[in-house]
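# Secondary and tertiary structure notes
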Amino acid sequence: MSNAKAKIAVLVSGGGTNLQALLDAQKSGIINSGSIELVISNFKNAYALTRAENAGVEALCITRKSCGGAEGFEKRLIEELDNRGIDLIVLAGFMSILSENFIKHFERRIINIHPSLIPSFCGKGFYGLHVHEAALEKGVKVTGATVHFVNEVPDGGEIIMQKAVEVQEGDTPEVLQKRVMEQAEWIILPASTEKICAEIVASRG
Ligand code: GAR
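Residues numbered from 1 in each chain as written. Predicted model: local features only at pLDDT ≥ 70, side-chain atom pairs only at ≥ 80, totals over all residues. Heavy atoms only, no water.

### Let's talk about the sheet that holds strand 6 (residues 142-149)
Strand order in the open sheet made by the 7 strands is 3-2-1-4-5-6-7, with mixed pairing throughout. The open sheet has two edge strands with one neighbour each: strand 3 (58-61) and strand 7 (159-166). Here the average twist between neighbouring strands, direction ignored, is 20 degrees. Pairing analysis gives 4 bridges linking strand 5 (residues 110-114) to strand 6, with the strands arranged antiparallel. Bridging across to strand 6, Ile-111 finds its partner in Phe-149. Seen against the sheet, helix 1 (residues 17-28) touches strand 1 (6-12), strand 2 (34-41), strand 4 (88-91) and strand 5 and runs at an angle of roughly 160 degrees to strand 2. Strands strand 1, strand 2 and strand 3 of the sheet are contacted by helix 2 (residues 47-54), whose axis makes an angle of about 160 degrees with strand 3. (Pairing = 2+ DSSP bridges. Helix = DSSP H or I, 4+ residues; strand = E, 2+ residues; numbered from the N terminus. Axes fitted to C-alpha atoms, helices over the stretch in contact; angles between N-to-C directions. Contact = heavy atoms within 4.5 Å.)

What follows is the structure, encoded as structure tokens:
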């Protein structure tokens, strides 16, 4: 049992390119200490669900509405995650803030990818394309991505990895988002996932 891989669940809301990077990294061996067991989307039409199915990974759609609200939603998430003995939860474009209660239940077992160099352009209201819009508005010359542990402060948990990306003349939010994904997110999310999984496996002794 001590050498068993860490069980990973990936929580998504949209296109799932970061999920795809994780699935590809598992296939190529970059992720070797963990195994992606489950993908959960809180949106029905998320293409991420199709990516999970194509890779043969169990995929669930759990919406707030189907659970009668936020409390029921998190209760169901905890049930599904605990029933499968999930060790690490990776938020990969998961566009929903989790409660303190949920975060406490999985202390230091939830990581998130954010598309900026934290502490810039993060916290409430900074998600997806909005982050890149804000970076361009400010006129920063360098941006990037951050993987961090999730705690009760939005985007406030301990930083695991960061990677810088140059902003170029004439960038639109969409162009910048794509560059940040390609040059930073799809690299540091799998690398961080492997790092934390290796630590989980080692801590079992
Ligand atoms: C990614 O850029 C991710 O960093 C960001 O949403 C996008 C999801 O894309 N996450 C946040 O803004 C979280 N605050 P994906 O579904 O293609 O991975």
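There is more to say after this.
### Some words on the nonpolar core
Val-10, Leu-19, Val-90 and Ile-111 are the most contacted members of the largest nonpolar core, which totals 34 residues. The element best represented in this core is helix 6 (residues 173-203), accounting for 9 residues. Those residues in contact with Val-10 that sit more than four places away from it in its chain are Leu-19, Leu-22, Ile-36, Leu-38, Val-39, Ile-40, Val-90 and Ala-92. The next biggest cluster of nonpolar side chains, apart from the first, holds 21 residues, and it includes Ile-40, Ile-86, Ile-89 and Ile-110. (Core = buried A, V, L, I, M, F, W, Y, C linked by side-chain atoms within 4.5 Å. Buried < 20%, exposed > 50% of the residue type's maximum accessible area, 1.4 Å probe, protein only.)

### Some words on the pairing of strand 4
The alternating pattern of strand 4 places Leu-88 and Val-90 and Ile-89 and Leu-91 on opposite faces, both of which are buried. Strand direction decides the pairing type here: strand 1 and strand 4, joined by 4 bridges, are parallel. Following the sheet pairing, Ala-9 is matched in strand 4 by Ile-89. Of the strand pairs in this sheet, strand 4 and strand 5 are connected by 3 bridges, and their pairing is parallel. When the bridges of strand 5 are listed, Leu-91 appears paired with Asn-112. What joins strand 4 to strand 5 is helix 4 (residues 100-105), and the crossover it makes is right-handed. (Right-handed = clockwise from strand over helix to strand, strands pointing away.)

### Considerations on the pattern of salt bridges
Summed over the entire model, instances satisfying the criterion amount to 9 salt bridges. Salt-bridge contacts for Arg-108 lead to Glu-158; the nearest nitrogen and oxygen are separated by 2.8 Å. With Arg-108 in the loop between helix 4 and strand 5 and Glu-158 in the loop between strand 6 and strand 7, this pair connects stretches of sequence that are 50 residues apart. Its relative accessible area of 46% is what places Arg-108 among the partly exposed residues. In this structure, Lys-178 and Glu-182 form a salt bridge, with 3.0 Å as the shortest nitrogen-oxygen distance. With a gap of 4 residues between them, Lys-178 and Glu-182 both fall in helix 6, about one helical turn apart. (Salt bridge = Lys/Arg side-chain N within 4 Å of Asp/Glu carboxyl O.)

### A look at helix 1
In this model, helix 1 (12 residues) spans 16 Å end to end at C-alpha, consistent with the 16 Å of a helix rising 1.5 Å per residue. Taken together, the buried positions of helix 1 are occupied by Asn-18, Leu-19, Ala-21, Leu-22, Leu-23 and Ala-25. Looking at the packing, one finds that the buried side of helix 1 touches strand 1, strand 2, helix 2, strand 4, strand 5 and helix 6. (Expected span 1.5 Å × (residues − 1).)

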